[in-house]
Amino acid sequence: MGLIHMAHLDVVVKLEMDLGESPLWDYRQQCLYWIDINVGRIYAWKSSVDKQPVCIQLNEPVGCLALSEQHHVIAAMKSGICQLDAELQPAFFLAKNPEWDGEKGNRFNDGCVDPLKRLWVGTLDSEEKHSTAALYCLSGTELEKKKSGITISNGLAFSPAGDWLYHTDSPKRQVVRHRFNPQ
């Protein structure tokens, strides 16, 4: 049995966050994005330029981030999915959240992009205990419900070959694998 060498890790950016998630690397911009969900913050950090990340405060919770084919940052927020401008402010909505009525309802949560560059994003039950949430696919500006009966949609990922979609409903504590045909 060989020796295990322990790597030394340094904290490069120390932050106090409520619920930090959705790291997104943009190789063209050489920028790391992430969010603080509940307080509605988006962070952008370029290690070669910034000692501290840029922090953008939005007026609502943000569930996840993705990149469009044009490398615009897309945010799935409580009220809907929008494209952000260069300053990371909402520029225009791509789709409204069908589970949010303006004052209450389920917000968008975790998401990821499929092999055809469509955003898959789920919602979570506002009380986190009822199966009222769903999983959606955004193609252009068309938002289509793909699965319902979810409590907290989380952990979306595609297999390297793109033939499986992995998804979890957090309270069930299990990962479900769905056969996936991109067409």
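To keep things clear, this report deals only with the structure shown in the data block. (Residues numbered from 1 in each chain as written. Predicted model: local features only at pLDDT ≥ 70, side-chain atom pairs only at ≥ 80, totals over all residues. Heavy atoms only, no water.)

Considerations on the overall build of the protein
If you tally the helices and strands in the protein, you get zero helices and 15 strands. At 17 Å, the protein has a C-alpha radius of gyration in line with the 16 Å of a compact globule built from 183 residues. Oriented by its inertia axes, the alpha-carbon framework of the protein measures out at about 50 × 45 × 35 Å. The 183 residues of the protein split such that 44% are buried. (Helix = DSSP H or I, 4+ residues; strand = E, 2+ residues; numbered from the N terminus. Rg over C-alpha atoms; globule rule 2.2 N^0.38 Å. Buried < 20%, exposed > 50% of the residue type's maximum accessible area, 1.4 Å probe, protein only.)

Section: the nonpolar core
In this structure, Y33, I42, V62, L65 and L88 are the most contacted members of the largest nonpolar core, which totals 18 residues. Once you skip the residues sitting within four places of it in the chain, I42 turns out to touch W34, I35, V54, C55, I56, L58, V62, L65, L84 and L88. In terms of nonpolar packing, the next biggest core, distinct from the first, is built from 13 residues, C64, A76, L94 and F108 among them. (Core = buried A, V, L, I, M, F, W, Y, C linked by side-chain atoms within 4.5 Å. Contact = heavy atoms within 4.5 Å.)

Looking at unusual backbone geometry
Residues apart from glycine generally show negative phi values, whereas peptide bonds are mostly found in trans. Phi angles above zero are rare outside glycine, and L88 is one such case at about 65°. The phi torsion at R173 lies on the positive side, around 55°, for a residue other than glycine. Looking at where R173 falls in the secondary structure, it is placed in the loop between β14 (164-169) and β15 (175-179). When its relative accessible area of 78% is taken as the criterion, R173 is described as exposed.

Notes on the side chain of N109
Following the sequence through the fold, N109 ends up in strand β9 (residues 107-113). Side chain to side chain, N109 and R107 meet in a polar contact 3.2 Å long. Apart from the residues lying within four places of it in its own chain, the contact partners of N109 are I37, G63, C64, V121, G122, T123, L124, I152, S153 and N154. (Polar contact = N/O pair within 3.5 Å; in protein donor to acceptor, adjacent residues only side chain to side chain.)

A short note on the sheet that holds strand β6 (residues 73-77)
Spatially, β5-β6-β7-β8 is the arrangement adopted by the four strands of the open sheet, whose pairing is antiparallel. Edge strands, defined here as strands with exactly one partner in the open sheet, are β5 (62-67) and β8 (90-96). Each strand of the sheet is rotated relative to its neighbour by a mean of 25°, with strand direction disregarded. Summarising the sheet, β6 and strand β7 (residues 80-84) pair through three bridges and their orientation is antiparallel. When the sheet's bridge partners are listed, A76 is paired in β7 with I81. (Pairing = 2+ DSSP bridges. Axes fitted to C-alpha atoms, helices over the stretch in contact; angles between N-to-C directions.)

Any functional reading would require information beyond the geometric quantities listed.
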